[in-house]
Amino acid sequence: MRQRALALFAAMVSALALTIFLPASSASAASCAAGWNASAVYTGGNTASYNGHNWSAKWWTQGETPGSSDVWADQGTCDGSTPGGGSGACDYPAWVAGRAYVTGNIVKYTDGKFYIAEHDNPGYDPVISTWYWEPYNCTGTPPTDPPPAGGFVVSESQFNQMFPSRNSFYTYSGLTAALSAYPGFANTGSDTVKRQEAAAFLANVSHETGGLVHVVEQNTANYPHYCDTSQPYGCPAGQAAYYGRGPIQLSWNFNYKAAGDALGINLLADPWRVERESAVAWKTGLWYWNTQNGPGTMTPHNAMVNQAGFGQTIRSINGSLECDGRNPAQVQSRINNYQRFVQILGTTPGGNLSC
């Protein structure tokens, strides 16, 4: 009896020693929810993971990055595994032909890959009806295409993904043909910087044109106002000929003169070329982006390659009307475009997004 008591006491002492001297294991982090996706719609109570944290939506949201908007509540760090031992965040149901899906639904297709619904559909095949579905991976970011031959960091499929409703005038081939005019564009610095600059340019372009829908300025009443008669060369194409055209809506006779001189095209005499020829239109957008400060203090190109931030590109394009609190909704629209496009290009937005 005495021996059993001594043995029990020794065991208790040993257990106490282990409790005191062994380091306590930290509580494991919560499992990560499905990765946030800029295209998906979230409603109050929906969760998503982003940058190693789980987030909970407070109300309806789409395209607002967790951590950058009050709509998301930080639920703390997560460990990247799904409840029940799943692998990563991609624990989604199998696609079923003929079952109705809504925008934001994610499915696992028969090829083992995941797809997210870009538009509501009655169960269309994800690899056939690509307007309704796009590839999705476990990080919440669509897979990054390798840069196509020639080095432009935006592939044609990514371009189409950015502008699913674009006007046929704004061709990808027109954009790539225009790149030779400014070889430093989206081709300066690290791969991250190159992708950020391309996303920044296309985000501003998207805002200016309603998603590459409008080729010319929609308010025709403004057309006669863009002739500055104080310029010695006047307005040879007519007083109402210099309205906004192209991806950054080039306007005013002096801008057509300057852009045409820089590009070797007589746009002062024939401003209509900007709405007739896709490559010319893209070149005027790149001319402004790479050479003009506008109401800002630097060109949009320099803002991105020198890490001044996306906000400075907004200032250089339309800062006098939008920045410093003048029109926060317009600024946020541009920021939302940019955040969506860097997601598509598989990179991060950087800092200083607003102006």
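All figures in this text were calculated on a predicted structure; none of them were measured in a lab.

A. Structural context of unusual backbone geometry. In the Ramachandran plot, L212 falls in the positive-phi region, its phi being about 60° despite a non-glycine side chain. Exposure remark for L212: the relative accessible area of 0% places this residue in the buried category. Of note in this structure, N352 is not a glycine but carries a positive phi near 55°. On the basis of relative accessible area, N352 is assigned to the exposed category, the value being 54%.

B. A look at the state of the cysteines. Taken as a whole and judged by the stated rule, the model has two disulfides. Note that C227 is cross-linked by a disulfide to C235, the S-S spacing being 1.9 Å. Across the disulfide from C227 to C235, rotation about the S-S bond amounts to roughly 110°, and the bridge is consequently right-handed. Here the two residues C227 and C235 agree in accessibility, since each one is buried.

C. Inspection of helix α5 (residues 253-263) at higher detail. Among the residues making up α5, those that are buried are N253, N255, Y256, A259, G260 and L263. Viewed end-on, α5 has its buried residues packed into an arc of 160°, placing them on one side of the element. Where the residues of α5 are buried, they touch α6 (273-276) and α7 (278-291). Positioned one or two residues after α5, G264 has a phi angle of 75°, which is positive.

D. Expanded view of the sheet that holds strand β2 (residues 47-50). The three strands are arranged β2-β3-β5 in an open sheet whose pairing can be described as antiparallel. Strands at the two margins of the open sheet, each flanked by one partner only, are β2 and β5 (72-77). The average undirected angle you get between the axes of adjacent strands in this sheet is 30°. Here strand β3 (residues 53-57) runs beside β5; their pairing, made up of four bridges, is antiparallel. Across the sheet, A57 pairs through a bridge with W72, a residue of β5.

E. Just the pattern of salt bridges, in detail. Applying the stated criterion across every chain, the model contains nine salt bridges. A salt bridge links D324 to R315, with the shortest nitrogen-to-oxygen separation between them at 3.1 Å. The exposure class assigned to D324 is exposed, which follows from its relative accessible area of 52%. Across the salt bridge formed by R334 and E322, the nearest N and O atoms sit 2.8 Å from each other. In this pair, R334 sits in helix α10 (residues 328-344) while E322 sits in helix α9 (residues 310-322), placing the two residues 12 residues apart along the sequence. Take R334: its relative accessible area is 1%, and that puts it in the buried class. With relative accessibility at 4%, the residue E322 sits in the buried group. By sharing partners, the salt bridges in this structure join E208, E322 and R334 into a single network.

F. Seen up close, the side chain of Q196. Looking at where Q196 falls in the secondary structure, it is placed in helix α4 (residues 191-209). Setting aside residues no more than four positions away along its own chain, Q196 makes contact with M304, Q307, Y338, T347, T348, P349 and G350.

Analysis parameters
- Residues numbered from 1 in each chain as written.
- Predicted model: local features only at pLDDT ≥ 70, side-chain atom pairs only at ≥ 80, totals over all residues.
- Heavy atoms only, no water.
- Buried < 20%, exposed > 50% of the residue type's maximum accessible area, 1.4 Å probe, protein only.
- Disulfide = S-S within 2.5 Å.
- Helix = DSSP H or I, 4+ residues; strand = E, 2+ residues; numbered from the N terminus.
- Arc of directions from axis to C-beta.
- Contact = heavy atoms within 4.5 Å.
- Pairing = 2+ DSSP bridges.
- Axes fitted to C-alpha atoms, helices over the stretch in contact; angles between N-to-C directions.
- Salt bridge = Lys/Arg side-chain N within 4 Å of Asp/Glu carboxyl O.

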